[in-house]
Amino acid sequence: MADSGEEIYKTTFKLYRNWSPKSDLPLIDLRYAENYENFFQQLEQSSDISSPSVVANCETFTHFKPFDQWKIYKLIKGLDGFFIITGILKENFRQDWFDYFHDQLPSYHEELNLKSNISLNDLNEKSKSKLRWITFGYHHDWNSKVYDLNQKTVRIPDRINDLCRIVSMFMNFHISSSSSSTLKPEAGIVNYYTQNSSLCFHTDHSELNHHAPLFSLSLGSSAIFLIGGQTKQSSQPIVPVLLNDSDLVIMSNESRLALHSVPKILPSETLVKNGNILRVNVNIRQVF
Ligand SMILES: O=C(O)CCC(=O)C(=O)O
């Protein structure tokens, strides 16, 4: 028989998989203070923080909102080091980022040495509807989750480098220990979600470095994200939070190894529908 920890995680996942706007299940929406204040604290902006426009060599820096418009929330009921920065991209670049990861990235598979669940040669609409993931940088074996550390060609898309530089710079102002706020992108997964997709509870532990944070960018339709403890037996609560278009999750310190899942994708309100893929998640890790 499954122990009670297993049971709680399984039941919570199932409940949120069946979430509907009419259900009375709690769901934290960071756009409304009364909705989050028991679980998240909005951090004060540092007044001397400079805007991303000072970041040299970042081609896409103009896609990001100025730093003084970023809103950063820290989880206060749960593991330490879990942050969400909401809506980091300007409204008029959000579709562009979705399209980049959905349409353009797959076509750079040779230059960027990408791997995917489908063949990225001769992609057409039919084969693209089966796209579920692409990995870049160091690839891990999808089943064993072990990285091939002898890999010869390790390429990181420019947008990922830009994103990590800009977010790391912002985080250095907000949390004191720079080792847990700076991410050197060495590996990543682009997850493609359809209306019915979900991702079960798991931890991301294959990287050799667990001190560097993990960054996770949501694009497109909103999703319910559940974050719990490091093990299913932990006494930490499972916190349900809505991730919206261009929200950035940071898992650092204790939360770097937290169990998390995506039980449900909500229909898009704003994004132009792009085939059957409603949501794209870009998950970036430092391996060494
Ligand atoms: O889609 C998400 O927001 C999370 C993805 C994730 O947890 C992963 O790729 O490990």
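What you are looking at is a predicted structure, and each value in this text was computed from that prediction instead of being measured.

About the cut-offs
- Residues numbered from 1 in each chain as written.
- Predicted model: local features only at pLDDT ≥ 70, side-chain atom pairs only at ≥ 80, totals over all residues.
- Heavy atoms only, no water.
- Helix = DSSP H or I, 4+ residues; strand = E, 2+ residues; numbered from the N terminus.
- Expected span 1.5 Å × (residues − 1).
- Buried < 20%, exposed > 50% of the residue type's maximum accessible area, 1.4 Å probe, protein only.
- Contact = heavy atoms within 4.5 Å.
- UniProt positions renumbered as here; feature names shortened; annotations may be inferred.
- Polar contact = N/O pair within 3.5 Å; in protein donor to acceptor, adjacent residues only side chain to side chain.
- Near = heavy atom within 4 Å.
- Areas by Shrake-Rupley, 256 points an atom, 1.4 Å probe, with all protein chains shown as cover.
- Nonpolar A, V, L, I, M, F, W, Y, C, P; charged D, E, K, R; others polar.
- Pairing = 2+ DSSP bridges.
- Arc of directions from axis to C-beta.

1. Quick word on helix 3 (residues 91-104)
Here's step 1: With 14 residues, helix 3 ought to run about 20 Å at 1.5 Å a step, and its terminal C-alpha atoms sit 20 Å apart, in line with that.
Here's step 2: For helix 3, every residue scored as buried is listed here: R94, W97, F98, Y100, F101 and H102.
Here's step 3: At its buried positions, helix 3 is contacted by helix 4 (125-128), helix 5 (158-174), strand 6 (187-193), strand 8 (214-220) and strand 13 (279-285).

2. Examining the UniProt feature "binding site: Fe cation" (unreviewed entry) in the protein chain
Here's step 1: Taking the UniProt record as the reference, the feature "binding site: Fe cation" (unreviewed entry) is found at H202, D204 and H260. Despite a sequence span of 59 residues, these residues sit close together in the fold, their greatest C-alpha distance being 9.0 Å.
Here's step 2: Residues contacting H202, with those up to four places away along its chain left out, are A258, L259 and H260.
Here's step 3: Leaving out residues up to four positions away in the same chain, D204 has contacts with L214, R256, L257, H260, N283 and R285.
Here's step 4: A distance of 3.3 Å separates polar atoms of two side chains, one belonging to D204 and the other to H202.

3. A short note on the site of the ligand
Here's step 1: With respect to spatial proximity, the complete set of residues near the ligand consists of N191, Y193, L199, H202, D204, H260, V262, R279, N281, N283 and R285.
Here's step 2: Within the side chain of N191, one N or O atom sits 2.9 Å away from an oxygen atom of the ligand.
Here's step 3: The fraction of the free accessible surface of the ligand (290 Å²) that becomes covered by protein chains is 97%.
Here's step 4: Put simply, the parts of the chain that give the shell around the ligand at least two residues each are strand 6, strand 7 (199-202), strand 12 (260-265) and strand 13.
Here's step 5: Here the shell around the ligand takes 4 residues from strand 13, the largest share from any one element.
Here's step 6: Each residue belonging to the shell around the ligand can be placed in one class, and the counts come to 3 nonpolar, 5 polar and 3 charged.

4. A word on the sheet that holds strand 8
Here's step 1: The 9 strands are arranged 1-2-3-11-8-13-6-5-4 in an open sheet whose pairing can be described as antiparallel. Both outer strands of the open sheet, strand 1 (40-42) and strand 4 (115-116), are each paired with one neighbouring strand and no more.
Here's step 2: In this sheet, strand 11 (residues 248-251) lies alongside strand 3 (residues 82-86) in antiparallel orientation, the contact comprising 4 bridges. By the bridge assignment, I84 is partnered in strand 11 with V249.

5. Some thoughts on the side chain of S116
Here's step 1: Along the chain, the position of S116 falls in strand 4.
Here's step 2: A residue is classified by how much of its surface remains accessible, and S116, at 17% relative accessible area, is buried.
Here's step 3: At 3.4 Å, the side chain of S116 forms a polar contact with the side chain of N117.
Here's step 4: Within the local environment of S116, its side chain forms a polar contact with the backbone nitrogen of I118, the two atoms lying 3.2 Å apart.
Here's step 5: Here S116 is in contact with L131, W133 and I134, once residues within four sequence places are set aside.

6. Structural notes on helix 1 (residues 4-17)
Here's step 1: Compared with an ideal rise of 1.5 Å per residue, which puts 14 residues at 20 Å, helix 1 spans 20 Å between its outermost C-alpha atoms and is within 8% of the ideal.
Here's step 2: If you check which residues of helix 1 are buried, you get G5, Y9, T12, F13 and Y16. The buried residues of helix 1 occupy an angular sector of 100° when the element is viewed end-on, so they sit on one face. Turned more than 90 degrees off the buried face of helix 1, the exposed positions are S4 and K14.
Here's step 3: Here helix 1 starts with a cap whose side-chain oxygen sits 3.1 Å from the backbone nitrogen of G5, and that cap is D3.

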